Amino acid sequence: MTGTKENFSEITAAGTTIVDFWAPWCGPCKMMNPILEQLETEFDHKINFVKVNVDDNQTIAEQYKVMSIPSLVVFKDGVAKEKITGIFPKEKLARYFEKKLAE
């Protein structure tokens, strides 16, 4: 799902949501994309995954203090809880997501 200023609060409102802040020109973002797509399938119905293009949505990126990309922000019921930045192996991200679901 794509996050925009029009739908952002609605799509992060319920449950656990991972927001991927990215840009089309970002090499590391392109490397993270297939990993996140696999995890989205694995965590189907447990975690909502949202992509926010920082070029098109600078206000959202600024609001959550996204200074570098790729950045993932974890939301629980509409509240930003934690941000991680950089590239992570799939297994490490899967463990991180499991931990966030358990909190």
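Reading the values: the criteria
- Residues numbered from 1 in each chain as written.
- Predicted model: local features only at pLDDT ≥ 70, side-chain atom pairs only at ≥ 80, totals over all residues.
- Heavy atoms only, no water.
- UniProt positions renumbered as here; feature names shortened; annotations may be inferred.
- Pairing = 2+ DSSP bridges.
- Helix = DSSP H or I, 4+ residues; strand = E, 2+ residues; numbered from the N terminus.
- Axes fitted to C-alpha atoms, helices over the stretch in contact; angles between N-to-C directions.

- The protein chain is annotated in an unreviewed UniProt entry as Thioredoxin of Paucilactobacillus oligofermentans DSM 15707 = LMG 22743.
- Of the comments in the UniProt record for the protein chain, the one headed Sequence similarities (unreviewed entry) reads "Belongs to the thioredoxin family."

### A closer look at the sheet that holds strand β3 (residues 71-76)
Piece 1. Reading across the sheet, the four strands line up as β2-β1-β3-β4 and stay open at both edges, with mixed pairing between neighbours. Each having just a single partner strand, β2 (47-53) and β4 (79-85) make up the two edges of the open sheet. Adjacent strand axes in the sheet meet at a mean angle of 20 degrees, parallel and antiparallel pairs treated alike.
Piece 2. Two strands pair when backbone bridges link them, and strand β1 (residues 16-22) and β3 are joined in this way by six bridges, in the antiparallel orientation.

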